[in-house]
Structure formats: C-alpha cells, structure tokens
Amino acid sequence: MKKVYLIGALLSFGLLAEAQGFMRFEDKAFNFGAKVGFNATFPVINSLSINGKEAENIDIEYKVGYLAAVFCRVNIERFFLQPSFSWHRSEGNIRFSIPQSLVENNMMSNTSATTDLLMMKTSSLEVPIMVGYNLVKKGPYGLSLMVGPKLKYNYKIAYTVESSTTHVEYVNDNTPFGVNIATGVGVSIGRLFFDFVYEFGLNQVESDFEKVNNPVPEINYDINIDKRTNVMSISLGVLF
C-alpha cells in the first residue's frame, strides 16, 4: 500500500511539474497562439421594410454562436501587434409585424396582427488586426487592452422566415464583406489567456427577400432589411 501511495505522489509531483512548465511563459519578440470561444450577434436594424413600408413591433432575439482562431503576436516592449485568422458561426432572430395598412390593402382587414420570425445563421471568415498595450506585465500575469480593424467575409448566409401571412425566401445581401472596429480586454496567466472583445459594425448591409409560392396570390410581399452588426465575444486560448 505504501508503494501505491509513493507512486501516486511521484505521479502527482510529475504532473504538477509538467503543468508549471507548460504555464511558464517566456517574453519573446514573437509568439503564436490559438483560441476558441463564444459570440453573440447584435444586429442594428436601420430599416426593415415590406413593400416599401416600415415593419412594426421589431424585436431582436440574440443567440450564442461559436468561434475559433489562430494568430501571431509581435511584441515591442509593452505594445504588441496581433493579426489573426478566425472562423465565426453566429445566429439571431428578428421578430416583426406586417404593417396593418398592407394587410388592409390586401383585403385582410379581418385578420388580426401576427408576428413573423426571421431566423439568421451566418458563417464567416475574419481577419482582425489588433494593436495592444500591456497595462500589467509582471511574472506570469498580464492585463492588456486591444483595438483594431476587422475584415470579414460571410461565405455562408442562411435566413429562414416563419410567417402565417406570406412565404418569402432569401435572395442575397448587397455585399458578403464587412468591416468592423474591435476593442477588447485580455487577461493572461502564463500561457493561458482570456479575451473579451466587442465589435462595432461599420458598413451597412441590405438583405433582400422575395415572395415564393404564396398561397394567397393577392398578397405579394417583398422584404428588405438594412442593418449593420455588432458582435460580442469571449474566448479562451493559449500562447506558444
């Protein structure tokens, strides 16, 4: 039994030494790393129009998405430059009501107002270039602030519309590209770090939808959404 305890103790010390060695981080001129995390998309709706009329009762529902990234970091004293390449999957819902004037114009004045649901799912490739400053850089601990531009390409966009009054399908966005400004805070302990980043969408994107297989031919709805997108993300990563 004593031998078992001795072997267990030796293994524990060995694992602890390995963990300390892994956590030990050398201050280099160049590092690379990887991170994974979660994001939440906040669409800012400038206009949601149906046949040229503004929709009513617009409500945004936020959902959790995912991200993964690899990056390199160039360290210059307390400053660093960090270009990255990342993949993001984001989701969200938009609830809205068709304007009553359109319902009445289509001879449905006896129909009560209904709430339609637009579900969004987007997969994107993104290239942020962050400039950071280490407020704290002592021993294994660090605290940094970051800011920089982010270029994104939405390579897969999926919209699903749930409506009791009309059937529409997604046509396209006026551009699959986007530009954001990202700001963030990073906390590190040795090689491990935790990032909190908030992005402000700069460019406007128009998404168009058109009617398809409408069971009531008199009701012809075309939907247009003019929006920009803010994003909040949290991630956990490791530096090498």
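The preceding data block contains the structure.
What counts and what doesn't
Residues numbered from 1 in each chain as written. Predicted model: local features only at pLDDT ≥ 70, side-chain atom pairs only at ≥ 80, totals over all residues. Heavy atoms only, no water. Helix = DSSP H or I, 4+ residues; strand = E, 2+ residues; numbered from the N terminus. Buried < 20%, exposed > 50% of the residue type's maximum accessible area, 1.4 Å probe, protein only. Contact = heavy atoms within 4.5 Å. Areas by Shrake-Rupley, 256 points an atom, 1.4 Å probe, with all protein chains shown as cover. 1 Å grid on protein atoms, 1.4 Å probe; cavity = no way out; pocket = protein on both sides within 12 Å on 5 of 7 lines; lining within 4 Å. Points joined across faces, edges and corners; volume = space filled by probe spheres on them. Nonpolar A, V, L, I, M, F, W, Y, C, P; charged D, E, K, R; others polar. Salt bridge = Lys/Arg side-chain N within 4 Å of Asp/Glu carboxyl O.

Undergrad: Help me understand the overall build of the protein, please; the structure alone is not making it clear to me.
TA: Counting secondary structure elements, the protein contains two helices and twelve strands. From first element to last, N terminus to C terminus, the protein shows the α and β order α-β-β-β-β-β-α-β-β-β-β-β-β-β. Residues counted as buried form 40% of the 240 residues belonging to the protein. Within the protein, counting contacts between residues at least 6 apart in sequence, those at least 24 apart form 75% of the total. About 13,500 Å² of surface is accessible on the protein, with carbon and sulfur atoms providing 63% of the total.

Undergrad: For this particular structure, what's the right way to read empty space enclosed by the protein?
TA: Which parts of space are left empty comes out when a probe the size of a water molecule is rolled across the atoms. For the structure shown, the criterion picks out three cavities of 30 Å³ or more. Its boundaries defined by the atoms lining it, the largest cavity holds a volume of some 390 Å³. Every residue lining the largest cavity is counted, 30 residues in all, and those nearest its centre are Thr41, Thr122, Lys152, Asn154 and Thr229. Within the residue set of the lining of the largest cavity, elements represented by two or more residues are strand S1 (30–50), strand S5 (79–97), strand S6 (115–138), strand S7 (141–162), strand S9 (177–189), strand S10 (192–201) and strand S12 (223–239). For the lining of the largest cavity, a count of residues per class yields eight nonpolar, 14 polar and eight charged. Computed from the structure, the second largest cavity encloses a volume of approximately 180 Å³. Surrounding the second largest cavity, 16 residues form its lining, Lys35, Pro128, Lys150, Val197 and Ser233 being those nearest its centre. The biggest single contributor to the lining of the second largest cavity is S5, with four residues. Here the residues of the lining of the second largest cavity sort into seven nonpolar, six polar and three charged.

Undergrad: Mind showing me how you'd approach the pattern of salt bridges here?
TA: A pair can form between side chains of opposite charge whenever their charged atoms are brought close. Throughout the structure, instances matching the rule amount to five salt bridges. With a shortest N-O distance of 2.5 Å, Glu61 and Arg95 are connected by a salt bridge. Note that Glu61 is positioned in strand S3 (residues 56–62) and Arg95 in strand S5, a separation of 34 residues in sequence. Classification of Glu61 as partly exposed rests on a relative accessible area of 25%.

In short, geometric facts, not functional conclusions.
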